[in-house]
Amino acid sequence: MASTKEVQPVIKTLAEFDTQSGNLAERVIFNNRTMILLICLIITGFLGFQMTRLELNASFEKMIPLGHPYIANYIDNKEDLKGLGNAVRIAVETTQGDIYTSEYLATLQKISQDLFLMPGVERNFVKSLWTPSTRWNGVTEDGFEAGPVIPNTYDGSPESLEQVRMNVERSGEIGQLVAPNLKSSIVYVPLMAADPQNGKTLNYRELSERLENIRRSYESDAIHIHITGFAKVMGDLIEGVRFVILFFIVAIVISTLFLFFYTRCLRSTMMVVVCSLVGVVWQVGLSPLLGFDLNPYSVLVPFLVFAIGMSHGSQRMNGILQDVGRGTHKVVAARYTFRRLFLAGLTALISDAVGFAVLMAIKIQVIQELAIIASTGVAALIFTQLILLPILLSYTGVNQKSAELSLQAETQGRIEKSSHLTWQFFDLFTRRSWALAMIIICSLLGVMGYFIGTGIRIGDLDPGAPELRADSRYNRDAAFMTMNYGASSDVFAVMVKTPKNLCTSYDTMMRTDALEWKLQNLEGVEFTQSLALYCRQTLFGFNEGNIKWYELLKNQGMINSIAYPAPRIFFNDECSLLTMYAYLADHKADTLSRVVETVETFAKENNTENARFLLAAGSAGIAAATNIVVEKANRKMIFMVYAAVITLCFIAFRSWRAVVCAILPLMLTSILANALMVKLGIGVKVATLPVIALGVGVGVDYALYLLSVLKGHLDAGRSLSEAYYRSLLFTGRIIILIGFTLSIAVATWAFSPIKFQADMGILLAFMFMVNMMGTMLLLPALACFLLPARIKNRIPLHELKQCSN
C-alpha cells in the first residue's frame, strides 16, 4: 500500500528533483501549488462567511422516526388527539398554605395568560385551572351539572374560593392539573411545529428564554415555578452550548501544546492545527448551504472533525520533519510524504466518512442530517489534510533543529534510555510467546466485555432528562413533577380506531376497559384515563356512590347518554377514535418496553373490524417508537460500518490477513465501549449513536497508518521486529501521541455541566485510548502469527542499525 519498499533519495535542492516524477495526483497538486492554495483560500473565506448564517436550534419532528408505524398512527390522527405531542408543563407552587388563595389564583391567571400568548403555542389546547376547557361534572339533587372550574362569577372572595375548591374536587383534576397536596397546579402548554408568524421551525432557544422570563417575573419566596418538557430540555442544552464551545477551545489548546512539545516546531504545529480548523470551517459552513441547523446533538461534530484532522495532519507533519531532518528540500519532503501516506490517509478518511454515512440507515431526520454534516466534514479533511497541509508545509518548511531531533534515533544510531525502554516494550509483542499472551488477554477482555455489554439498554436509563446533570434545574423540576403528580409528563396514549359513530359501542368499551385494567396493574404505570373509566365513574356518581354501579352496563342507550357530555380528549367529534392515556412514572427504556409489549399483545388478541388498538401517541409513545427504531438500526449500523471498513481495508491491503490485523482491535474497542456504557448507565439512543460509529472510524485510522508502513517493510523482506521498529519510528510515535492527546483533551469534558457532553467525553476518551493501545499492542501480536512468512531470522532490537526510508 505505502511506498516503503523504495528508498527515497535525499535531495537537498529543488533543482535536483524531477517535478514530473510521482503519480498523476502528486504532479497535479504540487506543480500547481499556488493555484490550489488560492482556491482553498477562496473556499475557506466563502464557507467562513456561511458560518455566520448557521442557526443553533432543535426540532421535535426531526427527533422522532416519522416512518415508524406508531408515529404514522399518531400523525394520521393528530388533529383528534388534542395536543398530544410536543408540550411543556409549568407547575406553579405556593409555599404559603394551599392554592385556594386569591393571591395564588391571581398569579396563576397572569402566568396562564402570558403562556397562552407566547408565539408557537397551540392555544386551543392550553389547559390550566383558568381555561374554560377545565371543567367539573357532578350529580346533584337537581340532576347532572357541569361548568368551568373557575366560573365567570369568581371575584376572589372567600365564597368564590370555596366554590373553586368544590369545583376542583369534582373535576377529577386532582393528581393531574392539581397536586394531591393542593400546593401547586399545572399549566399545560402544547406547542406547534413551526412559528405561525414566520413559518420557521419553532426556535427553542427563544422559547426557553421566554419561559425563563416568566419564571423570573413571578417566582418569589411565596411562589416557585417548575418547567418540564422537550422544548425546555432543548432550550437548556442550547443554552449550555457555550460550555461545549469552551471545552472545544480547551481541547484545541491541549492538542496544540502536546503536539508542540513533541515536535518543538511551532511552524508545523500551527499548520496542522490551522488545517484541522479549516476542515471545521468547511464542515460548519456547508451546513447552512445544505439547509441544516446546528442542534445540541450535532454540536460535537466539529470537534470530531478537528480530532480526525489532527490525527491525519500529525502523520504528514511527522513525515516531512523526518525527511527534512535527513537534509531533503522542504518541497521534496512534502512530495515524499504525500507519496507515502496519501493512499493510507485517503482510505482512512473514506472509512471515517462511511462510518458516519451509514447513520443514514436510521430513519430519524436529526441523525440523517448529522450523518450528512459529519460525512461532509470528513470529506473536507481529504482536501485540507491530504492536500492543503503538505502544500502549506512545502512553503513554510519546518524548524531544522526540530527536524533533526525527530531523527535522533537514526542520526545517533541509538535512542534515549527512556525511549529505549518504551520501544523495547512494544517490540516484545513481535515475539510469539508475548504475542500469544497478548492475544489471550485481549480475548478474555473481549469475552468479559461482551457479557457485560449484553446488559446495554436502548433509550434513556434515568428519569428526567439524562442529557443534563441530576442536580440541574430541569431535573429538579422533573423530580418535583413526578413526586407531586400522579399524572406525569410521560404520557403513553393508545388510539382505538372504530367505524364512524361506533366509538361508544359496548364491545369497544369493554375491550378498552380490559386494556386499561392491564395497564393499571403494570409496573411503571401510575394512572390511566379513558372514556370507559369516565363512564364507570359517572354511573357511579349517578347512583349516589353505590359501589355496585361502578360498572359498564350492557345497555347501549345508557352508555351513549353518559358518554355524550364527556370531555373530547377521550373521543373525536365523529366518534371514530377513542384515546386512552397511561401516565407513566418515567420514560426509562424498561418502562416503555413493558407498556409496548402489553399493548401490542392485547391488540393482537382483541383487534376486530369495529375496534383496532393502535400505538402510540404522547411523549412516552413517541419515545417508545424512537427506541424501537434505534434498537433495530444500531445492529444494522454496526454491521454496515464494519462491512464498509473491511471492504476498504481489503482494497487497500489486498490481504485478508492484514484485514484481520486491522479489524480485530477495532472490534475489541467496540465490545469494551459497550461494556463501559453499561457501567456508566448510558443507553443507546439518538445522542450516542454517532459516537459509536466514530469509534470504528477513528480507530481504523490508527491501524491503517501503522499497518501500511509495517506491511511495506515486511514486503521488502525485513523481519517483523525490524519492520515494527521502523514503523514505530515513522508513524507509531504519532499514533501514541495523538491517542494520548485526544484522550486527555476530551476527558476534560467530564467536568462539563452538561451530562451528555460529560458522558460523551468519557466514552470518546476511552475509545481513543483503547483504539491506540489495540493498534500498538494487539496489531503486532496478530501480525506475528498472520503476516510474516518466516520469523526465524528476526533481528533483535538492540542490533538494529541506522533506520532509513
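Throughout, a residue's number is its position along its own chain's written sequence, starting from 1. Predicted model: local features are reported for residues with pLDDT of at least 70 only, side-chain atom pairs are reported and counted for 80 or more only, and whole-chain, interface and lining totals are derived from all residues. Excluding hydrogens and water, the side-chain values take into account all heavy atoms of the structure.

Peer 1: Teacher, can you tell me more about the pattern of salt bridges here?
Peer 2: When their charged atoms lie close together, side chains carrying opposite charge are able to pair. Any Lys or Arg side-chain nitrogen located within 4 Å of an Asp or Glu carboxyl oxygen qualifies as a salt bridge. Within the structure shown, the criterion is met by 23 salt bridges. A salt bridge links arginine 339 to glutamate 26, with the shortest nitrogen-to-oxygen separation between them at 2.7 Å. Of this pair, arginine 339 sits in helix 11 (residues 330–357) while glutamate 26 sits in helix 1 (residues 24–30), placing them 313 residues apart in sequence. Owing to a relative accessible area of 25%, arginine 339 belongs among the partly exposed residues under this scheme. Here arginine 511 makes a salt bridge to aspartate 507, at a shortest N to O gap of 2.9 Å. Taken as a pair, arginine 511 and aspartate 507 lie in helix 18 (residues 506–520) at a separation of 4 residues, close to a single helical turn. Judged by its relative accessible area of 38%, aspartate 507 falls in the partly exposed class. Via salt bridges that share partners, Glu212, Arg215, Glu219, Lys232, Asp236, Arg473 and Asp477 belong to a single interconnected network. Strands here are runs of E lasting at least two residues and helices are runs of H or I lasting at least four, both read from the DSSP assignment and numbered beginning at the N terminus. For each residue, the accessible area found with a 1.4 Å probe, counting protein chains only, is set against the maximum for its type, and the residue is called buried under 20%, exposed over 50%, and partly exposed in between.

Peer 1: What should I look at first to understand the sheet that holds strand 5 (residues 223–229) in this one?
Peer 2: Backbone-to-backbone hydrogen bonds pair the strands of a sheet. The strands run either parallel or antiparallel. Overall, antiparallel pairing links the 3 strands, which are arranged 4-1-5 in an open sheet. If you trace the sheet from one side to the other, it starts and ends with strand 4 (184–190) and strand 5, each paired once. Recorded for the sheet is a direction-independent mean angle of 20° between the axes of neighbouring strands. Whether two strands pair depends on DSSP finding at least two bridges between them. Bridge count for strand 1 (residues 87–94) against strand 5 is 7 bridges, and the pairing is antiparallel. Within strand 5, the residue paired with alanine 91 across the bridge is histidine 226. Seen against the sheet, helix 6 (residues 204–218) touches strand 1 and strand 5 and runs at an angle of roughly 165° to strand 5. This element, helix 7 (residues 230–239), spans strand 1 and strand 5 of the sheet and lies at about 95° to strand 5. Between N-to-C directions, angles cover 0 to 180 degrees, with each direction set by a line fitted to C-alpha atoms, over the stretch in contact for helices. For this analysis, residues touch if any pair of their heavy atoms sits within 4.5 Å.

Peer 1: Sorry, what's going on with the state of the cysteines here?
Peer 2: A disulfide bridge is the covalent bond that connects two cysteines by way of their sulfur atoms. By definition, disulfides here are pairs of cysteine sulfur atoms that lie within 2.5 Å. Scanning all chains against the criterion turns up 1 disulfide. Put simply, cysteine 503 and cysteine 575 are joined by a disulfide, and their sulfur atoms are 2.0 Å apart. Of note, the bridge from cysteine 503 to cysteine 575 carries an S-S torsion of about -95° and is left-handed in sense. Note that cysteine 503 is positioned in the loop between strand 6 (491–497) and helix 18 and cysteine 575 in the loop between helix 20 (556–563) and strand 8 (577–584), a separation of 72 residues in sequence.

Peer 1: Even after reading the chapter, I still don't get the packing of aromatic side chains, so can you show me in this structure?
Peer 2: What describes a pair of aromatic rings is the distance from one ring centre to the other and the angle between the planes of the rings. Each pair of aromatic rings taken from Phe, Tyr and Trp, with Trp reduced to its six-membered ring, is defined by centres within 6.5 Å and is described as stacked if the planes are under 30 degrees apart, edge-to-face if over 60, and tilted in the remaining cases. For the structure on display, the rule yields 19 aromatic pairs. Seen from their ring centres, phenylalanine 248 and phenylalanine 303 are 5.9 Å apart, and the 90° between their planes marks the pair as edge-to-face. Of the two residues, phenylalanine 248 sits in helix 8 (residues 241–263) while phenylalanine 303 sits in helix 10 (residues 301–325), which places them 55 residues apart along the sequence. Each member of the pair, phenylalanine 248 together with phenylalanine 303, is buried. Counting every residue linked through ring pairs, the aromatic cluster contains Phe527, Tyr534, Phe570, Tyr581 and Tyr583.

Peer 1: Just to check I follow, could you spell out the sheet that holds strand 7 (residues 525–529) for this structure?
Peer 2: In spatial order, the strands read 7-8-6-9; together these 4 strands make up an open sheet with antiparallel pairing. One side of each edge strand has no neighbouring strand; the edge strands of this open sheet are strand 7 and strand 9 (612–617). Each strand of the sheet is rotated relative to its neighbour by a mean of 25°, with strand direction disregarded. When strand 6 meets strand 9, the two strands line up antiparallel, connected through 5 bridges.

Peer 1: I'm lost on a nonpolar patch on the surface in this one. Help?
Peer 2: Only residues whose relative accessible area exceeds 30% and that take part in no salt bridge are eligible for patches, with like-charged residues grouped when within 9 Å of each other and nonpolar side chains (Val, Leu, Ile, Met, Phe, Trp, Tyr) grouped when within 5 Å. Only the protein chains shown count as covering a residue, and every accessible area follows the Shrake-Rupley method with a 1.4 Å probe. On the surface, a cluster of nonpolar side chains totalling about 710 Å² of accessible area is made up of Ile245, Ile249, Val253, Leu257, Phe258, Phe261, Phe740 and Ile744. Looking at the nonpolar patch, the elements with two or more residues in it are helix 8 and helix 25 (720–747). Take the nonpolar patch: its biggest share by element is 6 residues, from helix 8. Secondary-structure assignment places isoleucine 245 in helix 8.

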